[in-house]
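What follows is each chain in one-letter form.
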Amino acid sequence: MEIRDERERFLLREWTLADVDSLAENISNINIWNNVRDGLPYPYTREDAGTYIRVTMDKPYVQDFAIVADGKAVGGIGFIPLCDVERYSAELGYWLSEDYWNKGIGTRFMKMILEYLVNEKSAKAVILDPHQNNPRAVRMYEKAGFKIIKELPKHELREGIMEDCYLMEFRYDDNRVQ
């Protein structure tokens, strides 16, 4: 499965084992690691990359996409579908190689995954919880249509320190995905 940017600058597609080297090279960066969940090992090895890709390939449907630019996987974006009474919602997370920061693709790939979630998964809302000390990500989420709905003081433990986050939400009834 592929989701193409209409300007052909990048695409979102399923991870493949051919992405092992690119994944290990691009994600093993302390500046990325500082803004993602603790489950991400650092440094990130080829073995870690192979394990992750195999896990994504074993899922019953695509939840994790490679962000591909210049012919290689330079980031990842994925969602966790919520269940039971929240079954029309999802939690979203992403990372992008530092080489591609400030290139203007973040808002676009975020809108692409939101469009996929509404059209393919019938999502009504998407949530995420960025660190308050990551204003670049917060701005990108706001440009894509997310709103800060709550401050989450001392929400995530990171390197022994409780970090403040925001709870942000994208509601499809408030936004037109384009």
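What you see is a predicted model, and the numbers here were worked out from it, not measured in a lab.

Here is what the cut-offs are and how they apply
- Residues numbered from 1 in each chain as written.
- Predicted model: local features only at pLDDT ≥ 70, side-chain atom pairs only at ≥ 80, totals over all residues.
- Heavy atoms only, no water.
- Axes fitted to C-alpha atoms, helices over the stretch in contact; angles between N-to-C directions.
- Helix = DSSP H or I, 4+ residues; strand = E, 2+ residues; numbered from the N terminus.
- Left-handed = near helix turned anticlockwise from the far one by under 90°.
- Contact = heavy atoms within 4.5 Å.
- pLDDT = per-residue confidence, 0-100.
- Buried < 20%, exposed > 50% of the residue type's maximum accessible area, 1.4 Å probe, protein only.
- Salt bridge = Lys/Arg side-chain N within 4 Å of Asp/Glu carboxyl O.
- Core = buried A, V, L, I, M, F, W, Y, C linked by side-chain atoms within 4.5 Å.
- Phe/Tyr/Trp six-rings, centres within 6.5 Å; stacked < 30°, edge-to-face > 60°.
- Parallel < 35°, antiparallel > 145°, perpendicular 65-115°, else oblique.
- Nonpolar A, V, L, I, M, F, W, Y, C, P; charged D, E, K, R; others polar.
- Arc of directions from axis to C-beta.

In contact at an axis separation of 8 Å, helix α1 (residues 20-27) and helix α3 (residues 46-57) are set at 120 degrees when each is read in the N-to-C sense. Note on packing geometry: the crossing formed by α1 with α3 is right-handed. Within the contact between the two elements, α1 uses Val20, Asp21, Leu23 and Ala24 and α3 uses Arg46, Ala49, Gly50, Tyr52 and Ile53.

The next point concerns the confidence of the model for the protein chain. In this model, the protein chain carries an average pLDDT of 88, and 96% of its residues clear a pLDDT of 70 or more. Looking over the protein chain, one finds the lowest element-wise mean pLDDT in strand β1 (residues 2-4), namely 82, and the highest in α1, namely 96.

Attention now moves to the environment of Pro41. Relative to the helices and strands, Pro41 resides in the loop between α2 (30-33) and α3. A relative accessible area of 32% places Pro41 in the partly exposed class. Sequence separation between Pro41 and Arg9 is 32 residues, and the spatial gap between their C-alpha atoms is 29 Å. Aside from chain neighbours lying at most four places away, what touches Pro41 is Trp33 and Asp48.

To continue, consider the pattern of salt bridges. Using the criterion set out here, one finds six salt bridges in the structure. Between Arg46 and Asp21 there is a salt bridge, and its shortest N-O distance comes to 2.4 Å. Placement of Arg46 in helix α3 and of Asp21 in helix α1 is noted, with a sequence separation of 25 residues between them. For Arg46, a relative accessible area of 52% translates into the label exposed.

A few words on the nonpolar core. Proteins that are soluble and globular tend to have nonpolar side chains buried together. If you look at the biggest cluster of nonpolar residues, it comprises 35 residues, and the most contacted ones within it are Leu92, Met110 and Phe146. Broken down by secondary-structure element, the contributors of at least two residues to this core are β2 (10-14), β3 (64-69), β4 (72-81), β5 (89-96), α4 (106-121), β6 (125-128), α5 (135-144) and β8 (161-171). Among the elements that make up this core, the one with the highest residue count is α4 (seven residues). Contact partners of Phe146, with chain neighbours within four places excluded, come to Leu92, Met110, Leu114, Val126, Leu128, Tyr141, Met168, Glu169 and Phe170.

Given two aromatic rings, one states the distance between the centres and the angle between the planes to describe the pair. Throughout the structure, instances matching the rule amount to 10 aromatic pairs. Centroid distance Tyr141 to Phe146: 5.7 Å. Interplanar angle 65 degrees. Geometry classified as edge-to-face. For Phe146, a relative accessible area of 2% gives the class buried.

Two elements in contact, α4 and α5, have axes separated by 9 Å at closest approach and are oriented at 50 degrees. Classified by the angle their axes make, α4 and α5 are oblique. In terms of crossing hand, the pair formed by α4 and α5 is right-handed. The residues of α5 that touch α4, namely those facing Gly106, Thr107, Met110, Lys111 and Leu114, are Met140, Tyr141, Lys143 and Ala144. Split into classes, the residues belonging to the contact of α4 with α5 amount to five nonpolar, two polar and two charged.

With that settled, consider α5. Taken together, the buried positions of α5 are Ala137, Val138, Met140, Tyr141 and Ala144. Angular distribution of buried residues about the axis of α5 spans 160 degrees; they occupy a single face of the element. Buried positions along α5 lie against β5, α4, β6, β7 (147-158) and β8. In the segment just after α5, Gly145 is the residue with positive phi, at about 115 degrees.

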